[in-house]
Amino acid sequence: MSKLLHYSSLTKKYIMAIAGFFLMIFLVVHLGINLFILPIAENHIEIFREAVHFMTSNPLVKVMEIFLFAAFIIHILYGVILQLQNWMARPTRYKIEGWSHTSYFSKFMIHTAVIVFIFLVIHIMNFYLVKEGITKAPQGPAMVADNHDFYNMAINLFSNTTYSVLYILLIIVLGFHLNHAFQSAFQSMGWNHSRYTPFIKLLGTIYSIVIPLGFILIPLYFIFLY
Amino acid sequence: MNFTLKIWRQENPNAKGGFETYQLSDISADASFLEMLDILNEQLVMEGKVPVAFDHDCREGICGTCSLYINGRPHGPDSGITVCQMHMRNFKDGSTITIEPWRARAFPVIKDLMVDRQAFEKIIMAGGYISVNTGNAIDANSIPIPKQAAETAMDAAACIGCGACVAACKNASAMLFVSAKVSQFAVLPQGKIEAKRRVKNMVSRMDELGFGNCTNTYACEAECPKNISVSHIARMNREFFISKVTSPKKEV
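About the thresholds
Residues numbered from 1 in each chain as written. Chains lettered and ligands numbered in written order. Predicted model: local features only at pLDDT ≥ 70, side-chain atom pairs only at ≥ 80, totals over all residues. Heavy atoms only, no water. Helix = DSSP H or I, 4+ residues; strand = E, 2+ residues; numbered from the N terminus. Contact = heavy atoms within 4.5 Å. Lys, Arg positive; Asp, Glu negative; His and termini not counted. Charge placed at Lys NZ, Arg CZ, Asp CG, Glu CD. Areas by Shrake-Rupley, 256 points an atom, 1.4 Å probe, with all protein chains shown as cover. Salt bridge = Lys/Arg side-chain N within 4 Å of Asp/Glu carboxyl O. Buried < 20%, exposed > 50% of the residue type's maximum accessible area, 1.4 Å probe, protein only. Polar contact = N/O pair within 3.5 Å; in protein donor to acceptor, adjacent residues only side chain to side chain. Nonpolar A, V, L, I, M, F, W, Y, C, P; charged D, E, K, R; others polar. Core = buried A, V, L, I, M, F, W, Y, C linked by side-chain atoms within 4.5 Å. Domains from an automatic or database assignment. Phe/Tyr/Trp six-rings, centres within 6.5 Å; stacked < 30°, edge-to-face > 60°. Lys NZ or Arg CZ within 6 Å of the ring centre and 35° of its normal. Pairing = 2+ DSSP bridges. Axes fitted to C-alpha atoms, helices over the stretch in contact; angles between N-to-C directions. pLDDT = per-residue confidence, 0-100. 1 Å grid on protein atoms, 1.4 Å probe; cavity = no way out; pocket = protein on both sides within 12 Å on 5 of 7 lines; lining within 4 Å. Points joined across faces, edges and corners; volume = space filled by probe spheres on them. Disulfide = S-S within 2.5 Å.

## Quick look at the overall build of chain B
Along its length, chain B carries 10 helices and 7 strands. Seen along its three principal axes, the alpha-carbon backbone of chain B occupies a region of about 65 × 40 × 30 Å. Put simply, of all contacts in chain B between residues at least 6 apart along the chain, 69% involve residues at least 24 apart. Looking at charge distribution, chain B has the averaged site of its 28 positive side-chain charges lying 10 Å from that of its 27 negative ones.

Structural data, given as structure tokens:
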């Protein structure tokens, strides 16, 4: 454990970036499955249930789940350590500061991170811990058949407008976090190139808009159309 | 031109320090920022007060000694130049100018606006050099160097070690400085020989000295008086990674 803390600043940043890449790939998979909550295909409910079944029973996914939790824990732990070190590096603050031209969201990574973390805790309580039988399934208009019935759990949660609005706001904050994170992870790994970096930055902006937008579509559907 | 100056005054490294306000009138728009401070100091001496201590040397933008944080920006509002190269025409007549020293744990204040930047020297001492004599100008032609590499090394070597990157960074990180010093050697054949050891030692010294970590905010690049690119930071990240995974466990 103490060795983890004594890695050099650069090594900590590689670890942050690698964990970040893993989490960003996870988000794509997560969104891909979630979108089947929406009536995008005739048998979308069956497809969604099948995907949930695969994700909760496949042994390879189970192994990946360990990596996923590790990625979350490492990313959060190192994020906090790096931030504390950064605050300690400037004990006396400037009277007037922040006039330099910088990437805007990079200044608020720890703040957006805290909000995303709160969201993560709520999210795990609502779904993952229900699946594990630790917390109770969210109640609402739909009957939750068993602790793997994520479709009806989602309906119950999103039929509450307050929850849906909160969900949308938190996902937007996640988008802010991703906006800086995407290109930052490439830079931390040393992957900066005059030919490809502008493309990576563009791709990061697109990613940070498209992924949150995809997640937001689901509560929007429940607020306005369901 | 007339100005109201709010200047950080601190008697010694252990004193508390605070801002003092000064009024200055009839300043030429063509006066440099440091000349303006000279005029202020003359005024203070005439009044029997202690003049403001600030670092300055060449006054032509090559030594990296001047180090003032003006209105929330290192080296003031203009970009790509040092404080000494900036003229008072960059400010509005009658405006208030706040002048602070560089703020970083690794750069403690000595007096007023002067900070101790020996931390940079210590990083250089950890490996920012080539150990053997690489010859003179004539010998340079005996080793062919691609133009691209020579230009990249020259761009990195433009770093004057002023510390504006540390001052601008919200984390007081020295990554732009260290990466420039790593890059200027890493891309040249003479520097490649010691590249792996150099990057490891310099980064480890940088960490020890209490600089912050890089969060890729790029304020350093925006404020660097020599316009050094953050692509050097990426190069250092690559160099460090390669060094870590390929260096032998025990150095001879």
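## Some points on the overall build of chain A
On a plain count of helices and strands, chain A comes out with 8 helices and 0 strands. When its C-alpha atoms are laid out on the principal axes, chain A stretches across 55 × 40 × 40 Å. Working note: accessible area of chain A is about 12,700 Å², and carbon and sulfur atoms make up 73% of it. Of note, chain A has its 13 positive side-chain charges centred 25 Å away from the centre of its 8 negative side-chain charges.

## Examining the pattern of salt bridges
All names here are of chain A. Following the criterion strictly, the structure yields 14 salt bridges over all chains and no others. Close ionic contact of E65 with K131 constitutes a salt bridge, the shortest N to O distance being 3.6 Å. Here K131 lies in helix α5 (residues 109–131) and E65 lies in helix α4 (residues 59–88), a separation of 66 residues in the sequence. For E65, a relative accessible area of 18% translates into the label buried. Since its relative accessible area comes to 9%, K131 is described here as buried.

## Comments concerning the interface of chain A and chain B
The interface is formed by 36 residues belonging to chain A together with 46 residues belonging to chain B. Viewed at the interface, chain B and chain A are joined by 0 salt bridges. At the junction of chain A and chain B, the tally comes to 29 residue pairs in polar contact (both at pLDDT 80 or more). Broken down by secondary-structure element, the contributors of at least two residues to the side of chain A that touches chain B are α2 (9–34), α4 and α7 (161–188) of chain A. Considered class by class, the residues forming the side of chain A that touches chain B number 10 nonpolar, 19 polar and 7 charged.

## Side note on the nonpolar core
Of all hydrophobic cores here, the largest spans 90 residues; its most connected members are F107, F120, I123, V166, V178, M206 and F211 of chain B. With 10 residues, the top contributor of residues to this core is α7 of chain A. In this structure, this core is formed jointly by two domains, domain 1 (3–111) and domain 2 (118–246) of chain B, each of which donates at least three residues. Beyond its immediate chain neighbours, meaning those up to four positions away, V178 of chain B contacts I123, M202, M206 and M236 of chain B. Counting 28 residues, the second largest nonpolar core, distinct from the first, contains A31, M36, I81 and I97 of chain B.

## Digging into the packing of aromatic side chains
What the rule picks out here adds up to 28 aromatic pairs over all chains. Here F182 of chain A and Y207 of chain A contribute two aromatic rings whose centre-to-centre distance is 5.4 Å and whose plane-to-plane angle is 35°, an arrangement assigned as tilted. Of this pair, F182 of chain A sits in helix α7 while Y207 of chain A sits in helix α8 (residues 197–224); the two residues are 25 residues apart in sequence, bridging distant segments of the chain. For F182 of chain A, a relative accessible area of 9% gives the class buried. Classification of Y207 of chain A by relative accessible area gives buried; the value is 12%. Taken together, F119, F158, Y163, Y167, Y221 and F222 of chain A form an aromatic cluster joined through their ring pairs. Taking NZ or CZ as reference, K95 of chain A lies 5.4 Å from the ring centre of F19 of chain B, over its face.

## Some points on the sheet that holds strand β3 (residues 69–70) of chain B
All names here are of chain B. Across the sheet, which stays open at both edges, the 5 strands sit in the order β2-β1-β5-β3-β4 with mixed pairing between neighbours. Edge positions in the sheet fall to β2 (18–24) and β4 (73–74), since each of these pairs with one other strand and no more. Its contacts with the sheet place helix α1 (residues 33–46) against β1 (3–9), β2, β3 and β5 (96–100), and it is angled at close to 90° to β2.

## Some remarks on the confidence of the model for chain B
When pLDDT is averaged along chain B, the result is 95; 100% of the residues meet or exceed 70. Mean pLDDT values for the elements of chain B range from 78 in helix α3 (residues 137–140) of chain B up to 98 in helix α2 (residues 118–125) of chain B.

## Side note on the layout of surface pockets
Size it by volume and the second largest pocket reaches roughly 490 Å³. Around the second largest pocket, the lining comprises 24 residues; the ones closest to its centre are R90, R93 and E97 of chain A together with K170 and N171 of chain B. Put simply, the parts of the chain that give the lining of the second largest pocket at least two residues each are α4 and α5 of chain A. Residue composition of the lining of the second largest pocket, by class: 10 nonpolar, 9 polar and 5 charged.

## Some points on the state of the cysteines
Residue and element names in this part refer to chain B. Applying the stated criterion across every chain yields a total of 0 disulfides over all chains. The thiol of C58 is unpaired, and the distance to the nearest cysteine sulfur, on C63, comes to 3.5 Å. Note on C58: relative accessible area 25%, which makes it partly exposed. You can see C220 has no disulfide; the closest cysteine sulfur is in C214, sitting 6.4 Å from it.

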